[in-house]
Amino acid sequence: PNYISNYLYITGIDDPELDNQTQIQIYPNPGIGIFTITGTKGTMKIYNVTGKLIYTAGITMDEHTIDISKYANGVYMVTLQTQNSTYSKRLVIAH
């Protein structure tokens, strides 16, 4: 039998918004709770592993330092909302 193959192979994604996400940096990560965020301006929210909002701030400069050292060791999720996109990064506190 003759079979016609109609497969589409995707080898990568070319999306400028995804490229912009790599420009957002959070350091040091892991850290003791004092972090610097660079690369964007907007609204930042930090959530714990249960999804509870523990920190929010408006970022108006290209570099912003936060102190969340009062929170327990663990993994947190940072979301950065800009005019055009929302970015998410993992943040680790290790005292």
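Okay, so let's go over this structure.

Assignment of secondary structure puts Thr38 in strand E2 (residues 34-38). The buried category is assigned to Thr38, whose relative accessible area is 13%. When neighbours within four sequence positions are excluded, Thr38 is seen to be in contact with Gln23, Ile24, Gln25, Tyr27, Asp62 and Glu63.

Here we take up the environment of Asn29. Take Asn29: it is sitting in the loop between strand E1 (25-27) and E2. Once residues lying within four places of it in the same chain are set aside, the contact partners of Asn29 are Phe35, Arg90, Leu91 and Val92. Here the side chain of Asn29 touches Arg90 through a polar contact of 2.8 Å, landing on its backbone oxygen. Within the structure, Asn29 has its side chain in polar contact with the backbone nitrogen of Val92 (distance 2.9 Å).

Of the consecutive residues Tyr27 and Pro28, the connecting peptide bond is found in the cis state with omega at -10°. Tracing the chain through its elements places Pro28 in the loop between E1 and E2. Cis rather than trans, the peptide bond between Asn29 and Pro30 has omega equal to 10°. Within the fold, Pro30 resides in the loop between E1 and E2.

What counts, and where the lines are drawn
Residues numbered from 1 in each chain as written. Predicted model: local features only at pLDDT ≥ 70, side-chain atom pairs only at ≥ 80, totals over all residues. Heavy atoms only, no water. Helix = DSSP H or I, 4+ residues; strand = E, 2+ residues; numbered from the N terminus. Buried < 20%, exposed > 50% of the residue type's maximum accessible area, 1.4 Å probe, protein only. Contact = heavy atoms within 4.5 Å. Polar contact = N/O pair within 3.5 Å; in protein donor to acceptor, adjacent residues only side chain to side chain.

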